[in-house]
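Survey of secondary and tertiary structure
Now for the letters of each chain:
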Amino acid sequence: MKSVPLRALGWPQIKPIPLAIAGVLAAILPMILNSSYWVGVCTLALIWMVLNQSWNLVLGYSGIWNFGQLAIYAIGGYAAALVSLHTGLPWPIALVVGGFAATLVSLVLAIPSVRLRGIYVSLLTFGFSEVVRLLVIADKTGITGGTFGLSGFDGYGLQSMEPQARYRLIYWIALAFVIITLVAMYFIVRSPLGTGLMALRDNPSLAAARGVSPIKYQLLSFGISGFFAGIAGGLYAFTYGVVSPSLMGLGQMTLLVTMMVVGGLGTLTGPLIGTAIITLVQAELQNWPEIRLILLGLVLLAIVVLMPRGVVPLLAGRMGRLNSWMSAGESKESKPTATSTKT
Amino acid sequence: MNAILQTLVSTIVQGSILALISIGMTLVYGTLRVLNMAQGVMVMVGGFAAYTVVDRTGVSPWISIAVAAAVTFLLGVLTYYMAVKPLLGRPGVDFEMTAFITTFAVATIVQNIILMIYGPRQKPFDPLWPGGINITSEVSITYHSMIMAVLAVGALVALGLFLSRSRYGLAITAVAQNLDAARLMGIPARRVYVVTMGIAAALAGIAGVLLAPLYFVYPNAGDLPLLQALIVVIFAGLGSVKGTIYASYIIGFLSSAVAIFWSSAFALPVLYIVILVVLVVRPNGIAGKPQEARL
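Residues numbered from 1 in each chain as written. Chains lettered and ligands numbered in written order. Predicted model: local features only at pLDDT ≥ 70, side-chain atom pairs only at ≥ 80, totals over all residues.

For chain B, the count of helices and strands is twelve helices and two strands. Taken from N to C terminus, the helices and strands of chain B fall in the order α-α-α-α-β-β-α-α-α-α-α-α-α-α. Over its C-alpha atoms chain B spans a radius of gyration of 19 Å, differing by no more than 12% from the 19 Å that the globule rule assigns to 295 residues. Across the 295 residues of chain B, 51% fall into the buried class. (Helix = DSSP H or I, 4+ residues; strand = E, 2+ residues; numbered from the N terminus. Rg over C-alpha atoms; globule rule 2.2 N^0.38 Å. Buried ≥ 20, exposed ≤ 12 C-beta atoms within 10 Å, placed from the backbone.)

The next point concerns helix α5 (residues 143-165) of chain B. All names here are of chain B. Here α5 is 23 residues long and its end C-alpha atoms lie 32 Å apart, about the 33 Å a rise of 1.5 Å per residue gives. Within α5 the residues assigned to the buried category are His144, Ser145, Met148, Ala149, Leu151, Ala152, Ala155 and Leu159. For α5, the elements touching its buried residues are α1 (2-32), β2 (140-142) and α8 (189-215). (Expected span 1.5 Å × (residues − 1). Contact = placed C-beta atoms within 7 Å.)

This brings us to the packing of helix α9 (residues 223-236) of chain B against helix α11 (residues 267-281) of chain B. Angle between the axes and distance between the axes are the two parameters that describe a pair of packed helices. Residue and element names in this part refer to chain B. In contact at an axis separation of 10 Å, α9 and α11 are set at 20° when each is read in the N-to-C sense. In terms of orientation, α9 lies roughly parallel with respect to α11. α11 is crossed by α9, and the crossing has left-handed handedness. Across the interface between the two elements, Leu227, Ile231, Ile234 and Phe235 of α9 pack against Leu268, Leu271, Tyr272, Ile275, Val278 and Leu279 of α11. Grouping the amino acids of the contact of α9 with α11 by side-chain chemistry returns ten nonpolar, no polar and no charged. (Axes fitted to C-alpha atoms, helices over the stretch in contact; angles between N-to-C directions. Parallel < 35°, antiparallel > 145°, perpendicular 65-115°, else oblique. Left-handed = near helix turned anticlockwise from the far one by under 90°. Nonpolar A, V, L, I, M, F, W, Y, C, P; charged D, E, K, R; others polar.)

Residues Val50(A) and Ile206(B) are the most contacted members of the largest nonpolar core, which totals 200 residues. A per-element tally of this core places α8(B) first, with 15 residues. Inspection of this core shows a minimum of three residues originating in each of domain 1 (20-248) and domain 2 (250-343) of chain A. Apart from the residues within four sequence positions on either side, Ile206(B) is in contact with Leu20(B), Gly46(B), Ile65(B), Ala68(B), Ala69(B) and Ala155(B). (Core = buried A, V, L, I, M, F, W, Y, C linked by C-beta atoms within 7 Å. Domains from an automatic or database assignment.)

Once that is clear, we can look at the confidence of the model for chain A. Residues and elements named next belong to chain A. On average, residues of chain A score 84 in pLDDT, and 92% of them reach the 70 mark or higher. For chain A, helix α1 (residues 3-8) is the element with the lowest average pLDDT, namely 43, and helix α10 (residues 214-240) is the one with the highest, namely 93. Of the regions scoring below 50 in pLDDT, residues 1-8 engages in four contacts with residues more than four places distant in sequence or in other chains. Under a pLDDT of 50 for its full length, residues 336-343 has, in the predicted model, one contact with residues more than four places off or in other chains. (pLDDT = per-residue confidence, 0-100.)

Before going further, it helps to spend a moment on the interface of chain B and chain A. Facing the 35 residues of chain B at the interface are 32 residues of chain A. When contributions to the side of chain B that touches chain A are tallied by element, the ones reaching two or more residues are α3 (61-84), α4 (95-118), α9 and α11 of chain B. No other element matches the 14 residues that α4(B) contributes to the side of chain B that touches chain A.

With that out of the way, let us pick up the environment of Ala79(A). Tracing the sequence through the fold places Ala79(A) in helix α4 (residues 69-86). Through-space distance from the C-alpha of Ala79(A) to that of Ala102(A) is 8.2 Å; in sequence the pair is 23 residues apart.

In structure tokens:
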């Protein structure tokens, strides 16, 4: 009986068998795909999954319309790249430093954001990310490399490996971070913090009246989300050996927001599934770059208009209806046992 | 002295254009509660419409202003039907936010269609009136920037008269002030929405033609105006027409002062820091009402 109140609260339930199948498939994917191009596409998708998962915590679970996440992601990437470039520290430390730099910036962005409501937050954060992008482009000091970006750092330090094994290893590193992020998000969402964030999203005044501090909780949400976004930025930097202002910008933002909206905001699997779908579509359209973004915009528009909650909640709803239809049939056929268990 | 004079001239020109672009955003937000992220694209489309007309038919650029206004008006109406109307009155969905995303999607679509048709290259556009005058030996004003200021102010005055005198304008004002009361008086709110989106887009389109000789015509031409307009509307508080006009000139002054006395690369970041401070001190802008009161 325990599963009913859990579902009513909107907590994610672990479905072990599909998760295990997906995990095994993801792990052996680079063995199946025998082209380095597709392994590269999948690696990029995994990095985006980490980023979208982190973004989803603020955008989906906390309901704070933060559109500045790409700047935080890029700052994480730049920080990790700078550490890798100027010091001899190993890459995991550089990644974590990038994560903490992103956390810091995210908290700075959060301070004015949590004071504002609704549309003003999106204005502020959207402007923030554009200004970070313009500042990097205008940077003449050479720290960030301006328009052309920063390159020439070691990254994972795998240059001596033969290409195919290297691509696979990089893929598995990214996959490991996707799993870490997923597990972390699962525990955050299940924790009192997650419940508090959702309460603040659904009914701010009631939640605040019940003792959930909006400022404290939302700052935490920004901080955690910033950390994982920074990690994603570092992964990007080390995978491709370059960070540039093209990590940010309107086109990128459309792409990532579409992924989350397609998958379903405020769900754990939504960002993963949305990212997978959109990355696949984008990779298939590689040869027609002109219509790629047009199609992306149309998909975003259509999804918001036709199924605003995304694919995952829609399928989950259908699945739930199927389940209840099946169980209703069961209880109708075996009425005596159903009543006997009740009493 | 020269730098100060230059700043003043630049303030008037920039402020007027900014007012033209951001008044559309604030008007749409005031009536529909939609933050129209496609406004920047309208500026760009206005420039392209004028460029195409002048390039293909060779008419005077003055006529192209009217064409650009008409094209962007239609595009604004189309945006309403594509991105806003399907969301109206839908339960369980945060309307403001979904509309923010859909107008953003429209902006992406339009921008990339233009990119596909015209390519990324910058297109030159002749000034409406070439030449200029020198005020002092170092400070000069081109006739074009004078025309920009005059036309922008003229359009704003016309808009003010339209909103306060004409039948349709009064309907827009009424819907913006109190939707329920306006509907009870028999004003068809949804048609008012259509007209408002069209007018807002047309204003941006006119601004696009005026800006075209300065910044050229290219598919990303709308990004910077959108960003500046966003700063203006945050500063002013969404939905306040008067506040938007004041804010436009303040922001115009700040950005030209920073550009002239320091570096144009820092104009936007400095503005942004100002905005941060304003938002922390007055979370609803200089003239905005608290958001709860407006819902």
